[in-house]
There are 4 protein chains.
Amino acid sequence: MLHSATELRVRYAETDQMGVVYHSHYLVWCEIARTDLIRTFGASYRDLEARGMRLAVAEASVRYIAPARYDDRIRIETQLSGVTSRTMVFDYVILNADSAERLATARTTLISLNESNRVVTLPADVRRALSAEGIGDA
Amino acid sequence: MLHSATELRVRYAETDQMGVVYHSHYLVWCEIARTDLIRTFGASYRDLEARGMRLAVAEASVRYIAPARYDDRIRIETQLSGVTSRTMVFDYVILNADSAERLATARTTLISLNESNRVVTLPADVRRALSAEGIGDA
Amino acid sequence: MLHSATELRVRYAETDQMGVVYHSHYLVWCEIARTDLIRTFGASYRDLEARGMRLAVAEASVRYIAPARYDDRIRIETQLSGVTSRTMVFDYVILNADSAERLATARTTLISLNESNRVVTLPADVRRALSAEGIGDA
Amino acid sequence: MLHSATELRVRYAETDQMGVVYHSHYLVWCEIARTDLIRTFGASYRDLEARGMRLAVAEASVRYIAPARYDDRIRIETQLSGVTSRTMVFDYVILNADSAERLATARTTLISLNESNRVVTLPADVRRALSAEGIGDA
């Protein structure tokens, strides 16, 4: 399975008055993390988008286990768990990078769209790259 | 079942370069919507928090169906779907308020914490208010 | 002078761990407010953008006077203070809508761009509408 | 003068439908940058806050020169330009880290507050550290 790890530091702007990271920001972190994973198989999401491909989030879920706090170093371990001709499923484990405490797990399903927002098959080269990793049905 | 409806207008800041609302903002909308629902049973989340209660998001999931766009009027229909002594489950349907097109559905599970972030039972008056609505086991 | 007023309620997501609204969000509120003002002279920014016009923020400044807090009702009084062939200057007073306490003042300078991000003169109909209000040099 | 440099990569969530970074996010970047600068003189803002000190933004201004785009590497050069017993003024230059193109300049004035949000003098050790750098009147 393809996987990658991403580190970032919690921004003050990401905290809320409960003194912890506001829950919606974890989805932003997941997006940063899967962009990193996509880079590992030789593609940049920026380039894919420039070529007319879009990966839109079709489903997202997060389970929150322990709070993240301002200035914490966060580690996101990402795995490409499934690929079909039109979708990619990513799983995430979000940890405190110093203590290794598990803060959250998440899953997102991405769907391949063209510039008119129609569902299309993933680009051939992306499928070939994934196939070379033993993933997908390309 | 307790339910409520909330309307808001999409902010420019909520769009991304795909020309649609960035997916994490739906969780912000859900939070606004459940605050409105909580108001309908005579409580303000602000007051609950001032009394030392916190409702932390323990789980969140969103299924995205159609994109929301800048300046769209959005309607969020919220339902309190389940209550235990320590948790509340809210379900949301997010619609375009003008066309009634369904844009997304979501569910969040909230857990009751005290000021030290320990899990505690929901305050007695909240449970009584819910019980009066035929919800929960208070 | 053209002016308008906008009301909104502080979102939980807009607070930070200092227990007040994080300072960058005031610029989002200003954007909502000037969109409302633009609507008062018969234009929708959404329509202007659909016609290829963009108003990009060239300068922004905020003076913070007193904190805004979660669930506060906020009132933003907006004034179009100056217009040239290519720019519009908006001034804002941000108040607590209940107490009328002044929370912040702000100013933004917007510049007219075409779809290629080149500076262009404001559309003729916008300038005529402003001129009818005694503003600008159209 | 004290100065520091910070690098970050533009997040997808920071773009808007104009295809560029939404203007309010620059203030978030400035906050990250001045936290880094504060670290250079031996303090962590997190620790300062834990000791009861708050640095609240009293004034902020940004001049936008060229757009930042998704996935761009951004460099923020920060300088502590002025210190009084109760305030610190930071100046920022925001650049594309690859092309060195200047994207924006910004200035923020921070004011020292205690936990009750009252204006107080900066902590003695912070003033001593600044004085050792030839800054301020400690």
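See the structure printed just above.
Reading the values: the criteria
- The residue numbering used here restarts from 1 in each chain and proceeds along that chain's sequence as written.
- Ligands are numbered from 1 and chains lettered from A, in the order in which they are written.
- pLDDT decides what is reported in this predicted model: residues at 70 or higher carry local features, side-chain atom pairs at 80 or more are listed and counted, and totals for whole chains, interfaces and linings draw on all residues regardless.
- Only hydrogens and water are removed before side-chain values are computed, so all heavy atoms of the structure are retained for them.
- Residues count as neighbours in contact if any of their non-hydrogen atoms are within 4.5 Å of one another.
- A 1.4 Å probe defines the accessible area here, and the buried area is the portion of it lost by two parts on being joined, summed over both.
- Put simply, a salt bridge is a Lys or Arg side-chain nitrogen that is within 4 Å of an Asp or Glu carboxyl oxygen.
- Pairing of N or O atoms within 3.5 Å defines a polar contact, subject to two protein rules: one partner must be a possible hydrogen donor and the other a possible acceptor, and residues neighboring in sequence count only if both atoms are side-chain atoms.
- In DSSP terms, a helix is any run of H or I states spanning at least four residues, a strand is any run of E spanning at least two, and both are numbered starting from the N terminus.
- Lys, Arg, Asp and Glu make up the charged group, whereas Ala, Val, Leu, Ile, Met, Phe, Trp, Tyr, Cys and Pro make up the nonpolar group; the residues left over, Gly among them, are polar.
- Least squares is used to superpose the copies, and the fit set is the C-alpha atoms of residues whose pLDDT is at least 70 in both copies.
- For every residue, the accessible area (1.4 Å probe, protein chains only) is compared with the maximum for its type, and the residue is labelled buried under 20%, exposed over 50%, or partly exposed between those bounds.
- Summarising the geometry, the arc corresponds to the directions from the helix axis toward the C-beta atoms.
- Any two strands between which DSSP finds at least two bridges are classified as paired.
- Count a disulfide wherever a pair of cysteine sulfur atoms falls within 2.5 Å.

Peer 1: I'm lost on the interface of chain C and chain B in this one. Help?
Peer 2: Buried accessible area, meaning the area lost when the parts come together, often serves as the stated size of an interface. Contacts between chain C and chain B engage 20 residues on the former and 20 residues on the latter. A buried area of about 1700 Å², summed over both sides, lies between chain C and chain B, and 41% of it is on carbon and sulfur atoms. Among the residues chain C hides against chain B, the three largest losses belong to Arg11, Arg46 and Tyr70 of chain C. Together they make up 40% of the total. Taken together, chain C and chain B are joined by six salt bridges. For the salt bridge of Asp72 of chain C with Arg46 of chain B, the shortest nitrogen-to-oxygen distance reads 2.8 Å. Counting the contacts that link chain C with chain B gives 14 residue pairs in polar contact (both at pLDDT 80 or more). Counting only elements with at least two residues in the side of chain C that touches chain B, the list comes to strand E1 (3–9), helix H1 (25–40) and helix H2 (45–50) of chain C. Per-element tally for the side of chain C that touches chain B: the top contributor is H1 of chain C, with six residues. Here the side of chain C that touches chain B is built from residues that sort into eight nonpolar, two polar and 10 charged.

Peer 1: Is there a simple way to explain the relation of the copies chain A and chain B in this structure?
Peer 2: Each of the two chain copies can be brought onto the other by rotation about an axis and movement along it. Once chain A is rotated about the relating axis by 180° and shifted along it by 0.0 Å, it coincides with chain B to within an RMSD of 0.0 Å. Those values place the two copies in the arrangement expected of a two-fold rotation axis. Proximity to the rotation axis, assessed at the C-alpha, singles out Ser61 of chain A in chain A; its C-alpha lies 2.0 Å from the axis. Of the residues that chain A buries at the interface, 100% are likewise interface residues in chain B, meaning the two copies contact each other through the same surface.

Peer 1: What is the right way to read helix H3 (residues 124–132) of chain C from this model?
Peer 2: Count 3.6 residues to each turn of an α-helix, and residues three or four apart come out pointing the same way. Residues and elements named next belong to chain C. Within H3 the residues assigned to the buried category are Val126, Arg127 and Leu130. An end-on view of H3 places all buried positions within 95° of arc, on one side of the element. Relative to its buried face, H3 has exposed residues pointing more than 90 degrees away, namely Arg128 and Ala132. On the buried face of H3, the contacting elements are H2, strand E3 (73–83) and strand E4 (87–96). Phi for Gly134, located one or two positions after H3, is positive at around 80°.

Peer 1: Where do I start with the interface of chain A and chain B in this structure?
Peer 2: Listed by partner, the interface residues are 23 residues for chain A and 23 residues for chain B. Where chain A touches chain B, the interface holds zero salt bridges. The tally of links between chain A and chain B comes to eight residue pairs in polar contact (both at pLDDT 80 or more). The set of elements that each furnish at least two residues to the side of chain A that touches chain B consists of helix H1 (25–40), helix H2 (45–50) and strand E2 (54–64) of chain A. If you tally residues by element for the side of chain A that touches chain B, the top one is E2 of chain A, at 10 residues. Taken together, the residues that form the side of chain A that touches chain B break down as 11 nonpolar, five polar and seven charged.

Peer 1: In this structure, what is going on with the pattern of salt bridges? I would like to understand it.
Peer 2: This model, assessed by the stated rule, comprises 44 salt bridges over all chains. As a salt-bridge pair, Asp71 of chain A and Arg9 of chain A come within 3.6 Å of each other at their nearest N and O atoms. Pair noted here: Asp71 of chain A is in the loop between E2 and strand E3 (73–83) and Arg9 of chain A is in strand E1 (residues 3–9), with a separation of 62 residues, a long-range link. A relative accessible area of 9% places Asp71 of chain A in the buried class. A relative accessible area of 38% places Arg9 of chain A in the partly exposed class. Close ionic contact of Asp125 of chain C with Arg51 of chain C constitutes a salt bridge, the shortest N to O distance being 3.1 Å. Highlighted residues: Asp125 of chain C in helix H3 and Arg51 of chain C in the loop between H2 and strand E2 (54–64), separated in sequence by 74 residues. Via salt bridges that share partners, Glu7, Arg73, Arg75, Glu77 and Asp98 of chain A belong to a single interconnected network.

Peer 1: Any chance you could explain the environment of Arg73 of chain B here in plain terms?
Peer 2: All names here are of chain B. Positionally, Arg73 belongs in strand E3 (residues 73–83). Note: C-alpha distance between Arg73 and Val10 (63 residues apart in sequence) is 6.5 Å. In contact with Arg73, not counting residues within four places along its chain, are Glu7, Leu8, Arg9, Leu95, Asn96, Ala97 and Asp98. There is a polar contact of 2.7 Å between the side chain of Arg73 and the side chain of Glu7.

Peer 1: Looking at this structure, I do not really get the pairing of E2 of chain C. What am I missing?
Peer 2: Note on strand geometry: in a regular strand, side chains alternate between the two faces of the sheet. All names here are of chain C. The buried count for E2 comes to eight of 11 residues, which makes it a mostly enclosed element. As paired strands, E2 and strand E5 (residues 102–113) are joined by 10 bridges and run antiparallel to one another. Bridge pairing in E5 places Val57 opposite Leu110.

Peer 1: For this particular structure, what's the right way to read the pairing of E5 of chain C?
Peer 2: Residues and elements named next belong to chain C. The buried fraction of E5 is high, at nine of 12 residues. For E4 and E5, the ladder comprises nine bridges, and the chain directions are antiparallel. Within the sheet, the bridge partner assigned to Val93 lies in E5 and is Thr105. Two successive antiparallel strands, E4 and E5, enclose a turn made up of five residues, where Ala100 displays a positive phi of approximately 65°.

Peer 1: Would you mind showing me how to read the state of the cysteines here?
Peer 2: Here, the word disulfide means a covalent bond between the sulfur atoms of two cysteines. Using the criterion set out here, one finds zero disulfides over all chains in the structure. With no disulfide of its own, Cys30 of chain B lies 17 Å from the sulfur of Cys30 of chain A, the closest cysteine sulfur.

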